[in-house]
Amino acid sequence: MLNSSRRGALRSAVGAMVIGLGLTFSGSATQAETVLKAVPHSDLKILDPIWTTAYITRNHGYMVYDTLFSLDAQGNIQPQMVDTVTTSEDGLMVTMTLRDGLVWHDGAPVTAADCVASINRWGSKDAMGQKMMSFVESLEATDDKTITFKLSTPTGLVTLALAKPSSNVPFMMPERVASTPSSEQIADYTGSGPFVFRQDLWEPGTKIVYEKFDGYVPRSEPASGLSGGKIAKVDVVEWLPIRDHQQAVNALKAGEIDFIEAPPHDLLPLLKDDPNITLDDFNPAGNQFTFRFNVLHPPFDNPKMRQALLYAFNQEDFVQAVVGNEEYYELCLALFGCGLPFESTAAMDGLLESNFAKARELIAESGYNGEPILLMHSTDLAVLTNLAPVAKDLMEAVGLNVDMQSMDWQTLVARRSKRDAPADGGWNAFITSWTTGDLFNPVAAAFLNSSCDTALFGWPCDTRIEELRDAFARATSVEEQKKIVDEVQAAWFDYPTHIHLGQWTSRAAMTNNVSGLLQTGAAVFWNLEKN
């Protein structure tokens, strides 16, 4: 490896190539010079970051893949795999040239054709990608290093969408991989990012191993947010998905592991008091708890039933159940987050105050007849475990029949993609959390996407919301966009797609010999050093 012996370097390079070819290799990661042992927020079961929005898969994507553009620490769009980008005077042609030195983990060069296939796959799945592609008349690789967009209407959405920082991130993949339909999961995990996924060492539920890719050529700029040089400063990263949070904390305090991505809030005081442990916030903009409806099946196919929960719920019950400490949460009625550019309380008067009388009135108007509502309950993520029981109590308080079914998060992630009726393996609702980087405007917010069959799981279908999302993408000033945001929130009240349940932050924990955590909104492992 780069900072090890010549033998280690050869081993890493050969390992990267044989993994890319789907072969195995007999080396052990424990021979590496520097191993960073980290406890992620969840186990990793799904490896396709386009197929799912699950954050553990997004984080896996940042280990293995790279992006054309990225956001720096100030939220500015920066080139990543791209060297230059030009836009024609009429705004209808956007041309990008790839930078030198880009190679896949199997040694093949990254080409524009790879990137075009990757953009098309991502753009068929992601809410922001779908909106961007609606402006695209053609997308071509005009040579091995040149990507050309021909647009129907000028828009600034192209580079903004390709710099999307969170799920679904527009990760670049080889053309042979990106040709997989977005409705199917990929089976080849060759990337071009700073780490190689060691599929042969993967033990689901126990260990996920990534090795530094010596063939990765980082940008020359300093790391800033998700932009700049992605320099792997450790040889191996091992993810150890320890489900017992107290056990993980004890292991960190004993020096048996180096990093915990998301320790529960009730254990933060214990970590804060330990002089050998550092707490750091890689996502200061925070997260938003979110209740998601499935509009395909009764009773939430009726907007009045969905509106009823806007009145039945209150944010404080949810954030108190999980976070507890006011230092780490904020009651926030803004659909697109508080403290962010499009914060607005338009159309929010009287909502999320547990007005049970108003909720019961709307339920009666909907014609609800007591059918069970299947609420999926994630049990293995501390930040989600207590949310569904709170929702169940509030829903039952207004006369709803709630069938809360408990499962681990990865099972829930798989089930939420099913369109079947709840009695046949489908679902009516679940609760998750989004980083604010995923929802800070109407185009980025995946749960607001109301494009029917191409919308995210839950499949809302509303012409007015989609018209407003189009208008936002075409707007040429922030003032115009802010007016559209107010209209969006009014349209959302008429046709609720989800419910925002409070804004919160957390802290990562690491031993004092680990440094270099970047403020990225996602847990990334380049730039991390272990001394």
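Every value quoted in this text rests on a predicted model; they were computed, and no experiment measured them.

*Asks:* How should the overall build of the chain be read in this particular structure?
*Replies:* On a plain count of helices and strands, the chain comes out with 16 helices and 21 strands. Taking 24 Å as the expected radius of gyration for a compact globule of 531 residues, we find that the chain reaches 23 Å, a close match to that expectation. Each principal axis of the C-alpha atoms in the chain carries an extent, and together these give about 75 × 60 × 40 Å. Contacts in the chain between residues far apart in sequence, at least 24 positions, make up 73% of those at least 6 positions apart. Total accessible area on the chain stands at roughly 19700 Å², and carbon and sulfur atoms take up 50% of it. When the 40 basic and 66 acidic side-chain charges of the chain are each reduced to a single mean position, those positions are 3 Å apart.

*Asks:* Looking at this structure, I do not really get the sheet that holds strand β10 (residues 236-239). What am I missing?
*Replies:* Adjacent strands of a sheet form backbone hydrogen bonds with each other and so pair up, either parallel or antiparallel. If you walk across this open sheet you meet the 7 strands as β8-β9-β10-β1-β11-β19-β12, and the pairing is mixed. In this open sheet, the two strands that pair with only one neighbour each are β8 (195-197) and β12 (277-280). Sheet topology note: the strand β9 (residues 208-212)/β10 ladder contains 4 bridges and is antiparallel. Of the residues in β10, the one forming a bridge with Y210 is V237.

*Asks:* How should the domain arrangement of the chain be read in this particular structure?
*Replies:* Reports of interface size often rely on the accessible area that becomes lost once the parts have come together. You can read the domains of the chain as domain 1 (40-194), domain 2 (208-219 + 229-281 + 507-528) and domain 3 (285-502). Counting the contacts that link domain 1 with domain 2 gives 1 salt bridge. Residue K230 is joined to D66 by a salt bridge in which the shortest nitrogen-to-oxygen separation is 2.9 Å. Take the side of domain 1 that touches domain 2: its biggest share by element is 7 residues, from helix α2 (residues 55-64). Here the residues of the side of domain 1 that touches domain 2 sort into 12 nonpolar, 10 polar and 4 charged.

*Asks:* Which parts of the structure should I look at to understand the side chain of E466?
*Replies:* One can find E466 in helix α15 (residues 463-474). In this structure E466 comes out as buried when scored by relative accessible area, which is 14%. For E466, the side chain forms a polar contact with the side chain of R469, separated by 3.0 Å.

*Asks:* Can you walk me through helix α10 (residues 315-322) in this structure?
*Replies:* In an α-helix there are 3.6 residues to a turn, and that puts residues three or four apart on one side. Those residues of α10 that sit buried are Q315, F318, V319 and V322. Taken down its axis, α10 places every buried residue within 90° of arc, on the same side. Here the buried face of α10 lies against β13 (287-293), β14 (329-330), α12 (382-385), α13 (387-397), β17 (429-435) and β18 (498-504). With a side-chain oxygen positioned 3.2 Å from the backbone nitrogen of E316, the residue opening α10 is N314.

*Asks:* Looking at this structure, I do not really get the sheet that holds strand β16 (residues 402-407). What am I missing?
*Replies:* One open sheet accounts for 6 strands, arranged β14-β18-β13-β17-β15-β16; its pairing is mixed. Each of the sheet's edge strands pairs with one partner strand only, and the pair in question is β14 and β16. Here β13 pairs with β17 via 7 bridges, running antiparallel. Its bridge partner being in β17, F289 is matched across the sheet by S433. Across the sheet, α10 lies against β13, β14, β17 and β18, angled at about 50° from β18, the strand it touches most.

*Asks:* Explanation requested: the environment of S167 in the structure shown.
*Replies:* Among the structural elements, S167 can be located in the loop between α5 (157-162) and α6 (175-178). Residues S167 and F195 lie 28 residues apart in sequence; the distance between their C-alpha atoms is 19 Å. What S167 contacts, discounting residues up to four positions off in sequence, is T53, A54, Y55, R58, D126, W434 and D438.

*Asks:* What's the story with the pattern of salt bridges in this structure? I'm lost.
*Replies:* Any two side chains of opposite charge can pair, so long as their charged atoms come close to each other. Throughout the structure, instances matching the rule amount to 25 salt bridges. Residues joined by salt bridges that share partners form a network here, namely K131, E466, R469 and D470.

*Asks:* So what exactly am I meant to see when it comes to the nonpolar core here?
*Replies:* Proteins that are soluble and globular tend to have nonpolar side chains buried together. Membership of the largest hydrophobic core comes to 164 residues, with the highest contact counts inside it found for L68, F149, F291 and F313. The residues contacting F149, other than those within four sequence positions of it, are L92, M93, V94, M96, I119, M132, V136, S138, L139, V158 and L162.

*Asks:* Just checking my understanding: could you explain empty space enclosed by the protein for this structure?
*Replies:* Where empty space is left in the structure can be found by rolling a water-sized probe over the atoms. Tallied over the entire structure, the rule returns 5 cavities of 30 Å³ or more. The space that makes up the largest cavity amounts to roughly 60 Å³. Lining the largest cavity are Q288, T290, L335, F336, W434, L439, A445, A446, F447 and H498. Residue composition of the lining of the largest cavity, grouped by class: 7 nonpolar, 3 polar and no charged. Looking at the second largest cavity, its volume works out to about 40 Å³. Around the second largest cavity sit A38, V39, P40, I56, N59, W239, F259, E261, A523 and F525, which together line it. Of the domains in this structure, domain 1 (40-194) and domain 2 (208-219 + 229-281 + 507-528) are the two that each give at least three residues to the lining of the second largest cavity.

*Asks:* Honestly, the packing of helix α9 (residues 303-312) against helix α16 (residues 478-494) in this entry has me stumped. Any pointers?
*Replies:* Each pair of packed helices gets described by two things: the angle between the helix axes and the distance between those axes. Two numbers describe how α9 lies on α16: the axes approach to 8 Å, and their chain directions differ by 110°. Compared by their axis directions, α9 and α16 come out roughly perpendicular. Judged by residue contacts, P303, Q307, L310 and Y311 of α9 engage W492, F493 and D494 from α16. When the residues that make up the contact of α9 with α16 are grouped by side-chain class, the tally is 5 nonpolar, 1 polar and 1 charged.

About the thresholds
Residues numbered from 1 in each chain as written. Predicted model: local features only at pLDDT ≥ 70, side-chain atom pairs only at ≥ 80, totals over all residues. Heavy atoms only, no water. Helix = DSSP H or I, 4+ residues; strand = E, 2+ residues; numbered from the N terminus. Rg over C-alpha atoms; globule rule 2.2 N^0.38 Å. Contact = heavy atoms within 4.5 Å. Areas by Shrake-Rupley, 256 points an atom, 1.4 Å probe, with all protein chains shown as cover. Lys, Arg positive; Asp, Glu negative; His and termini not counted. Charge placed at Lys NZ, Arg CZ, Asp CG, Glu CD. Pairing = 2+ DSSP bridges. Domains from an automatic or database assignment. Salt bridge = Lys/Arg side-chain N within 4 Å of Asp/Glu carboxyl O. Nonpolar A, V, L, I, M, F, W, Y, C, P; charged D, E, K, R; others polar. Buried < 20%, exposed > 50% of the residue type's maximum accessible area, 1.4 Å probe, protein only. Polar contact = N/O pair within 3.5 Å; in protein donor to acceptor, adjacent residues only side chain to side chain. Arc of directions from axis to C-beta. Axes fitted to C-alpha atoms, helices over the stretch in contact; angles between N-to-C directions. Core = buried A, V, L, I, M, F, W, Y, C linked by side-chain atoms within 4.5 Å. 1 Å grid on protein atoms, 1.4 Å probe; cavity = no way out; pocket = protein on both sides within 12 Å on 5 of 7 lines; lining within 4 Å. Points joined across faces, edges and corners; volume = space filled by probe spheres on them. Parallel < 35°, antiparallel > 145°, perpendicular 65-115°, else oblique.

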